[in-house]
Amino acid sequence: MLRGGRKPAEERPTLTDLYHAHRLGLVRMAVLLVDHQDLAEDVVQEAFTQLYQRYGENLDDLDNALGYLRTAVVNGARSMLRRRRTAREYVPPHEADAPSAEDHAVLNDEHRRVLVALQELTPRQREVLVLRYWSDMSEAQIAEALGLSRGAVKSTASRALDALEKHLEKVR
């Protein structure tokens, strides 16, 4: 030891020795950093766990285990504070108010009236409107699906919308 060499392995403390000797002091230090004892205990426990995973029980390859633990506790406390700050700054996205029961009733009544009005149209008019507005198909796609020209699809859709509007005004 006088020549600047390392202590023999039998004199070095084990992880268990460090835990019993320094855990409370490290927890006190962590409490001052994170303001909560339960969080401080978690930080210290995580530091000991990391030390064990990296070096094992005997700590043969580590010169300053207590320094390692102090650094791990400070870094763990910093991470804890960053997570806490991030959680406090998080603002959940605004959710629109749920529709009221009256809104559902009105909407359901409106849907029912539209469906009844659709039944009053000719089959071809109904097909064109359903494909256009419910299936979101283009005029070319509707023409291909029904075997019509694009012009016939346009005129049928126009006449169907006019008839639908007249029927809905009559029902009101």
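Figured I'd write up the structure that's included with this text. Model, not experiment: these values are computed from the prediction.

### Notes on the packing of helix H1 (residues 15–34) against helix H3 (residues 65–89)
Following both chains from N to C, one finds H1 and H3 inclined at 30°, their axes separated by 10 Å at the closest point. Taken together, H1 and H3 sit at an angle that is classed as roughly parallel. Every pair of crossing elements has a handedness; the one defined by H1 and H3 is right-handed. Residue-level inspection shows Leu18, His22, Leu26, Met29, Ala30, Leu33 and Val34 of H1 in contact with H3, the latter providing Ala65, Leu66, Leu69, Arg70, Val73, Val74, Ala77, Met80, Leu81 and Arg84. When the residues that make up the contact of H1 with H3 are grouped by side-chain class, the tally is 14 nonpolar, one polar and two charged.

### Observations regarding the side chain of Thr156
With respect to the element layout, Thr156 can be found in helix H7 (residues 150–171). What Thr156 contacts, discounting residues up to four positions off in sequence, is Arg124, Gln125 and Val128.

### Quick look at the side chain of His167
In this fold, His167 is placed in helix H7. Filtering out sequence-adjacent residues up to four positions away, His167 remains in contact with Val116, Ala117 and Glu120.

### Observations concerning unusual backbone geometry
The phi dihedral of Asp35 is positive, around 70°, even though this residue is not glycine. Relative to the helices and strands, Asp35 resides in the loop between H1 and helix H2 (37–55). The phi angle at Asp136 is positive, at roughly 55°, despite the residue not being glycine. Looking at Asp136, the relative accessible area reads 60%, which means it is exposed.

### Considering a nonpolar patch on the surface
A cluster of nonpolar side chains, namely Val130, Tyr133, Trp134 and Leu161, defines an oily patch on the protein surface of about 400 Å² accessible area. Here the nonpolar patch takes three residues from helix H5 (residues 123–134), the largest share from any one element.

### A short note on the packing of aromatic side chains
A full pass over the atoms with the stated rule returns two aromatic pairs. Pairing Tyr19 with Phe48 gives two aromatic rings, centres 5.0 Å apart and planes at 75°, and the pair type is edge-to-face. Separated by 29 residues along the polypeptide, Tyr19 in helix H1 and Phe48 in helix H2 bring together distant segments of the chain. Tyr19 gets classed as partly exposed once you look at its relative accessible area, which sits at 28%.

### Describing the packing of H1 against H2
Each pair of packed helices gets described by two things: the angle between the helix axes and the distance between those axes. Running from amino to carboxyl end, H1 crosses H2 at an angle of 140°, the nearest separation of the two axes being 8 Å. Viewed along their axes, H1 and H2 adopt a mutual orientation that is oblique. Once H1 is placed against H2, the crossing between them reads as right-handed. On H2, the residues touching Leu15, Leu18, Tyr19, Arg23, Leu26, Val27, Ala30, Val31 and Val34 of H1 are Gln37, Leu39, Ala40, Glu41, Val44, Gln45, Phe48, Leu51 and Tyr52. Looking at side-chain class alone, the contact of H1 with H2 contains 14 nonpolar, two polar and two charged residues.

### Some points on the nonpolar core
Core analysis: the biggest nonpolar cluster contains 21 residues, and Leu18, Val44, Phe48, Leu51, Leu69 and Val73 have the highest contact counts within it. For this core, the elements supplying multiple residues, two or more each, are H1, H2 and H3. For this core, the element with the most residues is H3, which contributes seven residues. Contacts of Leu69, omitting those with residues within four sequence positions, involve Leu18, Leu26, Ala47, Phe48 and Leu51. Grouped together as the second largest cluster of nonpolar side chains are eight residues, Val128, Leu131, Leu148 and Val153 included.

### Things to note about the environment of Ala160
Checked against the element boundaries, Ala160 lands in helix H7. Owing to a relative accessible area of 0%, Ala160 belongs among the buried residues under this scheme. In this structure, the C-alpha to C-alpha distance between Ala160 and Arg126, residues 34 residues apart in sequence, is 7.3 Å. When sequence neighbours within four positions are dropped, the list of residues in contact with Ala160 reads Leu121, Gln125 and Leu129.

What counts, and where the lines are drawn
- Residues numbered from 1 in each chain as written.
- Predicted model: local features only at pLDDT ≥ 70, side-chain atom pairs only at ≥ 80, totals over all residues.
- Heavy atoms only, no water.
- Axes fitted to C-alpha atoms, helices over the stretch in contact; angles between N-to-C directions.
- Helix = DSSP H or I, 4+ residues; strand = E, 2+ residues; numbered from the N terminus.
- Parallel < 35°, antiparallel > 145°, perpendicular 65-115°, else oblique.
- Left-handed = near helix turned anticlockwise from the far one by under 90°.
- Contact = heavy atoms within 4.5 Å.
- Nonpolar A, V, L, I, M, F, W, Y, C, P; charged D, E, K, R; others polar.
- Buried < 20%, exposed > 50% of the residue type's maximum accessible area, 1.4 Å probe, protein only.
- Patch = residues over 30% accessible without salt bridge, like charges linked within 9 Å, V, L, I, M, F, W, Y side chains within 5 Å.
- Areas by Shrake-Rupley, 256 points an atom, 1.4 Å probe, with all protein chains shown as cover.
- Salt bridge = Lys/Arg side-chain N within 4 Å of Asp/Glu carboxyl O.
- Phe/Tyr/Trp six-rings, centres within 6.5 Å; stacked < 30°, edge-to-face > 60°.
- Core = buried A, V, L, I, M, F, W, Y, C linked by side-chain atoms within 4.5 Å.

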